[in-house]
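Coordinate inspection notes
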Amino acid sequence: MILSSIQRRTNSGKKTFAVLIDPDKFPHENIIRIITAMESASPDIILVGGSLVAGKVDAVVKVLKESMTIPVVLFPGSLLQLSPNADGILFLSLISGRNPELLIGNHVASAPFLKTSGIEVISTGYILIEGGTATSVEYMSQTRPIPANKTEIAVATAMAGEMLGKKLIYLEAGSGAREHVPQEMISAVKKNIEVPLIVGGGLDTAQKVEDACQAGADVIVVGNAFEKDMGLLHHFKRIIHSF
Ligand code: 1GP
């Protein structure tokens, strides 16, 4: 089970390394290159999804599942990004926003499909933090991120998410964010919740990855940096697993 392995690692003070594949940014012909890089670096989890992707998720998931044993987890930006072939799904509720479709509407629409698919559904409180530049997730979700200096709002939002029963809390600066989630905010949220804390968005250097780990992130998500340089995977994994 994906959630229980994240919880196990978190409870023993270990970090989880998740790599995000956005099928829009990886032309299908590059898939062999991606698979080779993934097999060699072997992250703990592969997330598949993005803000805009349409129709390609299932094909990418299938190829990944046919070629490797690393758990493949959907990270859906929309209802068009579901696949019964994945191992699990981050069932994201965008709790920093006030868009009812992303709080409950899409969940109602997808619940029957998910129930019959049998994939592991992982209830996740998704919190968007201002990342220094407009991100696709902000535009596509039509929600306002929490300002990066409003730590107390992020903490209260994460606490509310946990109280609502979310099994994971995800602090997201947005893919390609200029500024990642501030360390002070990561630490404050971590101190106030019991469930594992995911952090992603703009973690594109070893120093930023290390800082997020030091601050208290339990799961580190890297997408863009790896898309630019697959060699970074090994380096980031070493840092994340050194904790
Ligand atoms: C975005 O948190 C993820 O949803 C990853 O962000 O692409 O900036 O690494 P990056």
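As the structure is a prediction and not an experimental result, all values here were calculated from the model.

Conventions adopted
Residues numbered from 1 in each chain as written. Predicted model: local features only at pLDDT ≥ 70, side-chain atom pairs only at ≥ 80, totals over all residues. Heavy atoms only, no water. Near = heavy atom within 4 Å. Polar contact = N/O pair within 3.5 Å; in protein donor to acceptor, adjacent residues only side chain to side chain. Areas by Shrake-Rupley, 256 points an atom, 1.4 Å probe, with all protein chains shown as cover. Helix = DSSP H or I, 4+ residues; strand = E, 2+ residues; numbered from the N terminus. UniProt positions renumbered as here; feature names shortened; annotations may be inferred. Contact = heavy atoms within 4.5 Å. Buried < 20%, exposed > 50% of the residue type's maximum accessible area, 1.4 Å probe, protein only. Core = buried A, V, L, I, M, F, W, Y, C linked by side-chain atoms within 4.5 Å. Salt bridge = Lys/Arg side-chain N within 4 Å of Asp/Glu carboxyl O. Lys, Arg positive; Asp, Glu negative; His and termini not counted.

1. Quick notes on the site of the ligand
Around the ligand, a shell composed of 14 residues is seen, among which Glu172, Ser175, Gly176, Gly202 and Gly223 lie nearest. Residue Tyr170 places a side-chain N or O atom 2.9 Å away from an oxygen atom belonging to the ligand. Gly202 is positioned such that a nitrogen or oxygen atom in its backbone is 2.8 Å from an oxygen atom of the ligand. Considering the ligand on its own, with 310 Å² of exposed area, one finds that the protein chains cover 97% of that surface. Listed by contribution, the elements that provide at least two residues to the shell around the ligand are strand S6 (168-172) and strand S8 (219-222).

2. Things to note about the UniProt feature "binding site: Mg(2+)" (unreviewed entry) in the protein
With numbering aligned to this structure, UniProt lists the feature "binding site: Mg(2+)" (unreviewed entry) at Asp22 and Ser51. In three dimensions, the annotated residues from a span of 30 residues occupy one location, with a maximal C-alpha spread of 8.5 Å. Topologically, Asp22 is positioned in the loop between strand S1 (16-21) and helix H2 (31-41). Not counting residues up to four positions away in its chain, the partners in contact with Asp22 are Gly49, Gly50, Val53 and Glu227. We classify Ser51 as partly exposed; its relative accessible area is 22%. If we ignore the near neighbours within four places in the chain, the residues touching Ser51 are Gln81, Ser136, Val137 and Met140. A distance of 3.4 Å separates a polar atom in the side chain of Ser51 from the backbone nitrogen of Val137.

3. Comments concerning the nonpolar core
Ile21, Leu64, Leu171, Ile186, Val189, Ile220 and Phe226 are the most contacted members of the largest nonpolar core, which totals 64 residues. Broken down by element, the residue count for this core peaks at 6 residues, all from H2. Once residues within four sequence positions are removed from consideration, Val189 is found in contact with Ala154, Val155, Ala158, Leu171 and Leu197. Counting 22 residues, the second-largest nonpolar core is a separate cluster that includes Leu92, Leu102, Ile122 and Val219.

4. A few points about the pattern of salt bridges
A complete count under the given rule lists 6 salt bridges for this structure. For Lys65, the salt bridge identified is with Asp87, shortest N-O distance 2.8 Å. Linking Lys65 in helix H3 (residues 57-67) with Asp87 in the loop between strand S3 (72-74) and strand S4 (88-94), this pair joins segments that are 22 residues apart in sequence. Given a relative accessible area of 27%, Lys65 falls into the partly exposed group. Asp87 sits in the partly exposed class, given a relative accessible area of 27%. Between Lys190 and Asp218 there is a salt bridge, with the nearest N and O atoms lying 2.8 Å from each other. With a gap of 28 residues between them, Lys190 in helix H7 (residues 183-192) and Asp218 in the loop between helix H8 (206-215) and S8 connect regions that are remote in the sequence. Judged by its relative accessible area of 24%, Lys190 is partly exposed. Overall, the relative accessible area of 5% leaves Asp218 in the buried class.

5. Description of the side chain of Lys15
Following the sequence through the fold, Lys15 ends up in the loop between helix H1 (2-11) and S1. The buried charged residue Lys15 lacks any salt bridge, with Asp218 as its nearest oppositely charged partner at 4.6 Å. Only 3.1 Å separates the side chain of Lys15 from the backbone oxygen of Cys213, close enough to count as a polar contact. Reaching out from Lys15, the side chain makes a polar contact with the backbone oxygen of Ala217 at a distance of 2.8 Å.

6. Details of unusual backbone geometry
Backbone geometry at Ser42 places phi at a positive 50 degrees, although glycine is not the residue there. Following the sequence through the fold, Ser42 ends up in the loop between H2 and strand S2 (45-48). Its relative accessible area of 31% is what places Ser42 among the partly exposed residues.

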